[in-house]
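# Chains, contacts and geometry: an overview
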Amino acid sequence: MTSVGQLLAGKLAIVTGAGSGIGRAVCNTLASQGAKVIAADRNVKAAGDTVATLQGSEHVSVEMDVGNSKSVVDAFNTAKRHFQAAPTVVVNSAGVAIDNFILKTTEEDFDMVIRVNLKGTFLVTQHAVREMIDAGVAEGASIINLGSYFGKVGNMGQSHYSASKAGIEALSKCAAKEFAQFGVRVNTVLPGYIETPMTAFIPEKLKEKFIRRIPMKRTGQPIEAAEVIAFLASDKSSYINGASIDINGGIN
Ligand SMILES: NC(=O)c1ccc[n+]([C@@H]2O[C@H](COP(=O)([O-])OP(=O)(O)OC[C@H]3O[C@@H](n4cnc5c(N)ncnc54)[C@H](O)[C@@H]3O)[C@@H](O)[C@H]2O)c1
């Protein structure tokens with residue numbers, strides 16, 4: 001059920017990495033703002049668990065490995081059979097971090113992080129926009145990609161992760177320029193330290209050290225990223241395109 005005043009009433013949204021952390025919070029926020037949600041994750045059980053928590057009953061979960069083009073196309077086709085429509089909101093939140101120093105990083109780990117984070121964002125964005133154009137619904141569409149504070153400043157032990165996130169920001173800026181002619185906006189959010197399963201392993205001492213550098217002296221919650229993403233997904237941000245928005249408590 002949607003109601004007047006909801007930011008995303010009637011929109012169909014696809015969220016990758018929907019089974020955890022920021023992706024899950026985004027699904028919740030988009031659904032609470034009236035969107036129908038396609039929750040995509042390589043862990044389809046976790047995506048299903050997300051769907052079970054959403055407001056409304058018209059949402060679906062789909063299995064998708066964002067780094068595999070066939071898996072991306074299959075997932076979009078499954079969603080199309082269900083909704084008979086193409087999503088016009090796309091949130092690329094699927095991501096992995098495999099931390100290690102450059103001198104110890106294996107070629108396999110480097111490839112894996114780039115494959116999921118950067119290539120995955122590319123494949124999902126490319127297929128989503130092709131589908132929007134084919135369906136004639138591109139005008140007013142919005143794509144939001146997950147970059148990172150570390151893509152701007154780098155981080156010890158996160159060379160492949162930081163490089164993938166800087167790449168996502170550049171990819172988004174190119175996409176914003178290429179897709180404006182179709183009415184599709186593309187923006188990046190750059191979270192700092194958000195409390196999710198991805199950051200849960202960080203040792204307490206390191207976490208405290210990082211928090212001391214944040215002017216607001218605290219970490220962020222997934223909902224605080226999700227609210228910004230919902231705004232970027234909505235027509236309220238209709239003149240924001242190719243932007244990168246910090247969500248980091250003021251650390252710079
Ligand atoms: N948590 C933070 O502090 C933080 C900061 C900056 C950026 N980010 C970015 O935000 C995004 C979400 O992070 P999070 O903290 O919610 O992480 P998370 O680990 O909680 O969730 C990531 C989700 O992505 C899914 N996933 C991983 N590989 C996939 C693949 N190949 N195909 C489809 N799904 C896949 C996982 O199954 C998981 O559900 C990531 O891109 C991350 O890099 C997070």
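Residues numbered from 1 in each chain as written. Predicted model: local features only at pLDDT ≥ 70, side-chain atom pairs only at ≥ 80, totals over all residues. Heavy atoms only, no water.

## Considerations on helix 6 (residues 159-179)
- Here helix 6 is 21 residues long and its end C-alpha atoms lie 30 Å apart, about the 30 Å a rise of 1.5 Å per residue gives.
- Those residues of helix 6 lying buried are His160, Tyr161, Ser162, Ser164, Lys165, Gly167, Ile168, Glu169, Ser172, Ala175, Ala176 and Phe179.
- The inward-facing, buried residues of helix 6 contact helix 4 (107-135), strand 5 (142-146), helix 5 (149-153), strand 6 (185-191) and strand 7 (244-247). (Helix = DSSP H or I, 4+ residues; strand = E, 2+ residues; numbered from the N terminus. Expected span 1.5 Å × (residues − 1). Buried < 20%, exposed > 50% of the residue type's maximum accessible area, 1.4 Å probe, protein only. Contact = heavy atoms within 4.5 Å.)

## Considerations on the site of the ligand
- Around the ligand, a shell composed of 28 residues is seen, among which Ser20, Ile22, Asp41, Tyr161 and Thr196 lie nearest.
- In the environment of the ligand, an oxygen atom lies 2.6 Å from a nitrogen or oxygen atom belonging to the side chain of tyrosine 161.
- In the complex, 94% of the free accessible area of the ligand, which totals 830 Å², lies under the protein chains.
- When atoms are counted within 2 Å of each cavity's grid points, the one that captures over half of the ligand is the largest pocket.
- Residue assignment for the shell around the ligand shows that the elements contributing at least two residues are helix 1 (21-32) and helix 6.
- Considering only residue class, the shell around the ligand consists of 13 nonpolar, 11 polar and 4 charged. (Near = heavy atom within 4 Å. Polar contact = N/O pair within 3.5 Å; in protein donor to acceptor, adjacent residues only side chain to side chain. Areas by Shrake-Rupley, 256 points an atom, 1.4 Å probe, with all protein chains shown as cover. 1 Å grid on protein atoms, 1.4 Å probe; cavity = no way out; pocket = protein on both sides within 12 Å on 5 of 7 lines; lining within 4 Å. Sits in = over half its atoms within 2 Å of the grid points. Nonpolar A, V, L, I, M, F, W, Y, C, P; charged D, E, K, R; others polar.)

## Remarks on the pairing of strand 6
- Along strand 6, 7 of the 7 residues are buried, which leaves the element largely enclosed by surrounding structure.
- Both faces of strand 6 are covered, namely the face carrying Arg185, Asn187, Val189 and Pro191 and the face carrying Val186, Thr188 and Leu190.
- Of the strand pairs in this sheet, strand 5 and strand 6 are connected by 5 bridges, and their pairing is parallel. The residue of strand 6 that forms the bridge with isoleucine 144 is asparagine 187.
- Taken together, the 4 bridges between strand 6 and strand 7 define a ladder with parallel strand orientation. Considered in strand 7, the bridge of threonine 188 is made with serine 244. (Pairing = 2+ DSSP bridges.)

## Regarding the packing of helix 4 against helix 6
- Two elements in contact, helix 4 and helix 6, have axes separated by 9 Å at closest approach and are oriented at 15°. Compared by their axis directions, helix 4 and helix 6 come out roughly parallel. Where helix 4 crosses over helix 6, the handedness of that crossing is right-handed. Of the residues in helix 6, those touching helix 4 at Asp109, Phe110, Val113, Ile114, Asn117, Leu118, Thr121, Phe122, Thr125 and Val129 are His160, Tyr161, Ser164, Lys165, Gly167, Ile168, Leu171 and Phe179.
- Looking at the contact of helix 4 with helix 6, its residues break down into 10 nonpolar, 6 polar and 2 charged. (Axes fitted to C-alpha atoms, helices over the stretch in contact; angles between N-to-C directions. Parallel < 35°, antiparallel > 145°, perpendicular 65-115°, else oblique. Left-handed = near helix turned anticlockwise from the far one by under 90°.)

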